[in-house]
Amino acid sequence: YSDTKHFHSSSHPMKKRVLSIQSHVVSGYVGNKAAVFPLQLLGYDVDIINSVQFSNHTGYAQGFKGDVLQGDQLTSLLQGMEQNGLLADVGHLLTGYIGSASFLQAVINVITQLRASNYHSKEVVRFVCDPVLGDNGKLYVPKELVEIYRTQVLPLANVVTPNQFEVEQLTGISVYTEVDAKRACRVLLDMGPNLVFITSCVLVEEENKQYAEDDDEKEKTIAILAAQRLTTTGEEEDDEFLRIDSPLYPGSFTGTGDLTASLLLAHTEDGLNIKDAMEKVINTVHAVIRRTHEASTSSSSNTTDNRACYARELKLIASKADIENPPQIFQAVRI
């Protein structure tokens with residue numbers, strides 16, 4: 001077991017392995033199905049634990065079938081890996097949808113265990129946390145998970161990737177404007193992460209402008225914000241804020257948050273500054289969404305709800321080239 005530890009040395013040229021604990025669907029691209037392929041394309045070995053195994057994502061009109069992994073089953077899997085020396089060179093933990101308090105507690109034990117076997121270092125084992133709570137004003141998970149994320153999970157995380165609704169749940173701040181978003185980011189940074197990435201944000205000043213009577217033809221946009229703590233003093237001038245406005249396509253594209261978190265993990269490991277990393281992530285995600293939107297628009301007329309939902313599954317495989325070499329369309333601006 002001890003002989004394997006040298007493989008995570010900083011002198012080793014290979015990228016550190018990722019342990020990804022997320023949902024799995026047989027058909028479609030959400031959770032691990034959306035996260036693992038991009039990570040592998042970008043050079044990462046990924047160890048995969050599926051928190052659920054469903055036939056399809058939960059947005060289908062006729063529902064879904066499948067099973068949920070319990071916290072004790074997660075613990076058992078990790079014990080099997082540890083006794084065979086398979087955790088020693090894990091350099092990243094990536095988490096997504098977690099549906100119960102017991103499973104979330106087991107995940108907390110995972111990151112604690114990983115860091116204990118890697119010299120107790122937050123730098124050696126990075127934790128990228130997508131705190132999946134809900135969207136569009138609705139919780140997807142039991143409300144008790146909000147407090148567990150706030151008080152126990154985020155203090156352990158290096159990177160956190162909430163959407164606008166999740167930011168509001170975690171901070172208690174209603175995010176209407178860019179000023180609100182920056183204030184909420186500071187609260188999240190104070191909880192422990194050094195990078196906050198709000199994956200989607202419709203801000204009031206933009207919404208008002210977009211829906212003005214004389215602006216009907218203007219392309220609607222969604223804001224993505226990043227906040228990085230440059231020092232540990234907590235002073236406002238020590239936090240860096242960036243923003244990208246990306247086209248907002250009609251319809252729902254499930255799995256984009258999972259894709260975003262995985263790309264952010266990849267592009268922030270190699271010493272890229274946050275501006276360059278953000279641009280790579282958002283340009284890639286936009287390319288995938290645009291391709292998916294175009295495909296679904298051409299194929300979803302006169303179809304059932306389920307066929308329309310299937311048509312909006314992310315066109316991830318067709319976007320291989322964009323993942324490997326992100327387009328250069330959108331640039332991040334400091335705010």
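Computed from a predicted structure; not experimentally measured. (Residues numbered from 1 in each chain as written. Predicted model: local features only at pLDDT ≥ 70, side-chain atom pairs only at ≥ 80, totals over all residues. Heavy atoms only, no water.)

### A look at the environment of Ala34
(1) Moving on: With respect to the element layout, Ala34 can be found in helix H1 (residues 32-41).
(2) Moving on: Considering only alpha carbons, one finds Ala34 and Ile317, 283 residues apart in sequence, at a separation of 9.8 Å. (Helix = DSSP H or I, 4+ residues; strand = E, 2+ residues; numbered from the N terminus.)

### Digging into the packing of aromatic side chains
(1) Moving on: For the structure shown, the criterion picks out one aromatic pair.
(2) Moving on: Look at Phe54 and Phe64: their rings are 4.4 Å apart centre to centre, the planes differ by 40 degrees, and that puts the pair in the tilted class. Separated by ten residues along the polypeptide, Phe54 in strand S2 (residues 46-54) and Phe64 in the loop between S2 and strand S3 (66-68) bring together distant segments of the chain.
(3) Moving on: Here the basic side chain of Lys33 rests over the ring of Tyr29, its NZ or CZ set 5.2 Å away from the ring centre.
(4) Moving on: Directly above the aromatic system of Phe241 lies the positively charged group of Lys182, at a separation of 5.1 Å from the ring centroid. (Phe/Tyr/Trp six-rings, centres within 6.5 Å; stacked < 30°, edge-to-face > 60°. Lys NZ or Arg CZ within 6 Å of the ring centre and 35° of its normal.)

### Here's the deal with helix H5 (residues 164-171)
(1) Moving on: H5 sits mainly inside the fold: six of its eight residues count as buried.
(2) Moving on: On its buried side, H5 packs onto strand S6 (134-135), strand S7 (138-139), helix H4 (144-153), helix H6 (178-191) and strand S9 (195-201).
(3) Moving on: Capping of H5 at its N-terminal end is provided by Asn163; its side-chain oxygen lies 3.2 Å from the backbone amide nitrogen of Phe165.
(4) Moving on: With its phi angle positive at about 75 degrees, Gly172 sits one or two positions after the end of H5. (Buried < 20%, exposed > 50% of the residue type's maximum accessible area, 1.4 Å probe, protein only. Contact = heavy atoms within 4.5 Å. Polar contact = N/O pair within 3.5 Å; in protein donor to acceptor, adjacent residues only side chain to side chain.)

### A look at the nonpolar core
(1) Moving on: The biggest cluster of nonpolar side chains holds 52 residues, and the ones touching the most others in it are Leu19, Ile21, Leu74 and Tyr149.
(2) Moving on: If we skip the residues at most four places from it in the chain, Leu19 touches Asp47, Ile49, Leu78, Val90, His92, Leu93, Leu94, Val110 and Leu114.
(3) Moving on: Leu94, Val128, Leu314 and Leu316 belong to the second-largest nonpolar core, a separate cluster that totals 37 residues. (Core = buried A, V, L, I, M, F, W, Y, C linked by side-chain atoms within 4.5 Å.)

### Topic: unusual backbone geometry
(1) Moving on: Even without being a glycine, Asn136 presents a positive backbone phi close to 50 degrees.
(2) Moving on: Here Asn136 shows up in the loop between S6 and S7.
(3) Moving on: With relative accessibility at 73%, the residue Asn136 sits in the exposed group.

### Thoughts on the environment of Leu94
(1) Moving on: Secondary-structure assignment places Leu94 in strand S4 (residues 90-95).
(2) Moving on: Each C-alpha atom of the pair Leu94 and Cys129 lies 6.0 Å from the other, and the pair is 35 residues apart in sequence.
(3) Moving on: Residues in contact with Leu94, not counting those within four places in the same chain, are Val18, Leu19, Ser20, Ile21, Gln22, Ala35, Leu39, Val128, Ala261, Ser262 and Leu265.

### Structural notes on the packing of H5 against H6
(1) Moving on: With their axes 10 Å apart at the nearest point, H5 and H6 run at an angle of 60 degrees to one another. Put simply, H5 runs oblique to H6. At the point where H5 passes H6, the crossing takes the left-handed sense. Residues Val167, Leu170 and Thr171 of H5 form the contact with H6, whose participating residues are Ala184, Val187, Leu188 and Met191.
(2) Moving on: Tallied by class, residues from the contact of H5 with H6 come to six nonpolar, one polar and no charged. (Axes fitted to C-alpha atoms, helices over the stretch in contact; angles between N-to-C directions. Parallel < 35°, antiparallel > 145°, perpendicular 65-115°, else oblique. Left-handed = near helix turned anticlockwise from the far one by under 90°. Nonpolar A, V, L, I, M, F, W, Y, C, P; charged D, E, K, R; others polar.)

### Section: the pattern of salt bridges
(1) Moving on: The full count for this structure, using the stated rule, is twelve salt bridges.
(2) Moving on: Across the pair Arg229 and Asp239 runs a salt bridge, and its minimum N-O distance is 2.8 Å. Here Arg229 is found in strand S10 (residues 221-229), whereas its partner Asp239 is found in strand S11 (residues 239-247), with ten residues between them in sequence.
(3) Moving on: For Asp239, a relative accessible area of 8% gives the class buried.
(4) Moving on: Residue Asp245 is joined to Arg243 by a salt bridge in which the shortest nitrogen-to-oxygen separation is 3.1 Å.
(5) Moving on: By relative accessible area, which is 32% here, Asp245 ends up partly exposed.
(6) Moving on: Of the residues examined, Arg243 reaches a relative accessible area of 6% and is grouped as buried.
(7) Moving on: Shared partners join several salt bridges into a network, and the residues in it are Arg186, Asp190, Arg229 and Asp239. (Salt bridge = Lys/Arg side-chain N within 4 Å of Asp/Glu carboxyl O.)

### Quick notes on the sheet that holds S4
(1) Moving on: Strand order in the open sheet formed by ten strands is S3-S2-S1-S4-S5-S8-S9-S10-S11-S12, with mixed pairing between adjacent strands. At either margin of the open sheet sits one strand with a lone partner, and together these are S3 and strand S12 (333-334).
(2) Moving on: Across two bridges, strand S5 (residues 126-129) lies against strand S8 (residues 159-160) in parallel orientation. The residue bridging Val128 from the neighbouring strand is Val159, located in S8.
(3) Moving on: The strands that H1 touches are strand S1 (17-25), S2 and S4; relative to S1, the one it contacts most, it runs at about 145 degrees. (Pairing = 2+ DSSP bridges.)

### Description of the pairing of S10
(1) Moving on: In terms of burial, S10 is largely enclosed, as eight of its nine residues are buried.
(2) Moving on: One ladder, built from five bridges, connects S9 with S10; its direction is antiparallel. By the bridge assignment for S10, Val196 is matched with Ala227.
(3) Moving on: As judged from the nine bridges shared by S10 and S11, these two strands associate in the antiparallel manner. Within the sheet, the bridge partner assigned to Gln228 lies in S11 and is Glu240.

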